[in-house]
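Analysis of the macromolecular model
Residues per chain are reported as follows:
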Amino acid sequence: EWLNGSLIVVGCAAVLAILSRRAPLWRPGLFDGVVGAAHARPRRTGAILFAASLAIYLFVAHWVLAGRPLLIDEIDAVFHARIFLEGKLWLEPPRYPEFTSALHVIDFGGKYLTHFPPGGPLVLAPGVAAGAPWVVHPLLGATSALVFWGLSRRIEPRPGVALAATLLFAFSPFVAFLSGSFMNHVPVLTALIVAMYALARQTGDDRAHPGWAALAGFMLGVPAAIRPMDAIAFAVPAGIWMLWRTVRQPSRLAELVAAGLAIALPVGGVLWYNAQVTGHPLTFPM
């Protein structure tokens, strides 16, 4: 599949390259008007981007993927969300497990639950309670696209590149189909993009911004309750960088403290959950 797809892309590129020699398919500044309008009114652009991406993701979720969890990971996430909605951390084991056992579902020590961290099912829980769990991740995906637009405008000095990168992210097939699924990658992606945006706002000038630092810390901690290794991959470098900035500029101490307290909330939550389920805060039920 990768080979076939690559050949199609290369073939189309070759055809366009040949045609461009004979026809004016491209000229410098072709999209300057669009880029200028997008950056002149970034909020309107963000609203259009959010609405368009949400419509596509909802279409994928409801009409392409039938609005249902299809992969075993997705099925387990919805199942665990239903456990939480009952006000429980786990269920009593079924009387006849040979008829109900499933992959990634643990039946041990009088506890019946999935082996996934609690964050993903908690994110889905409001949608499950409302009877429309397929809406949750499209909303998160559209939020990612919106925040990516704000982030790209702050870190990319070339307006055309910032807009193109945002459109490529928001409407790429991978992001669209993933955002229409029940996979826990979606809330992790949203949390990390928001964290990166908050970091960019935190370091936008020489003043201390403990509020943005707290948002960055909390959003860096959220993946710890969903996909812990993703949290480590992003939070550790960000934390080292914040510490280094504080050493060089002691006035940034409030930011470091705010980020540390904020990240402790989701991390503390998942440690408490582990302690209840497995008896040890550092032992995940997997």
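Since we're looking at a predicted model, the values are computed, not measured.

Quick look at the environment of Cys12
Within the secondary structure layout, Cys12 lies in helix α1 (residues 2-20). Looking at Cys12, the relative accessible area reads 44%, which means it is partly exposed. As a C-alpha pair, Cys12 and Met242 span 230 residues in sequence and 45 Å in three-dimensional space.

Details of the nonpolar core
Burial of nonpolar side chains together is a common tendency in soluble globular proteins. Core analysis: the biggest nonpolar cluster contains 33 residues, and Tyr57, Ala145, Met219 and Leu220 have the highest contact counts within it. Elements supplying a minimum of two residues to this core: α2 (32-40), α3 (42-64), α6 (136-155), α7 (159-171), α8 (173-179), α9 (185-202), α10 (210-221) and α11 (228-248). Per-element accounting of this core gives the leading share, ten residues, to α9. Of all hydrophobic cores here, the second largest spans eight residues; its members include Ala77, Leu124, Ala125 and Val136.

Focus on the packing of α2 against α7
At a minimum axis distance of 9 Å, the contact between α2 and α7 shows a crossing angle of 85 degrees. The orientation of α2 relative to α7 falls into the category roughly perpendicular. Contacts between α2 and α7 pair Val34, Val35, Ala38 and His39 from the former with Pro159, Gly160, Ala162 and Leu163 from the latter. Split by residue class, the contact of α2 with α7 holds six nonpolar, two polar and no charged.

What counts as what
- Residues numbered from 1 in each chain as written.
- Predicted model: local features only at pLDDT ≥ 70, side-chain atom pairs only at ≥ 80, totals over all residues.
- Heavy atoms only, no water.
- Helix = DSSP H or I, 4+ residues; strand = E, 2+ residues; numbered from the N terminus.
- Buried < 20%, exposed > 50% of the residue type's maximum accessible area, 1.4 Å probe, protein only.
- Core = buried A, V, L, I, M, F, W, Y, C linked by side-chain atoms within 4.5 Å.
- Axes fitted to C-alpha atoms, helices over the stretch in contact; angles between N-to-C directions.
- Parallel < 35°, antiparallel > 145°, perpendicular 65-115°, else oblique.
- Contact = heavy atoms within 4.5 Å.
- Nonpolar A, V, L, I, M, F, W, Y, C, P; charged D, E, K, R; others polar.

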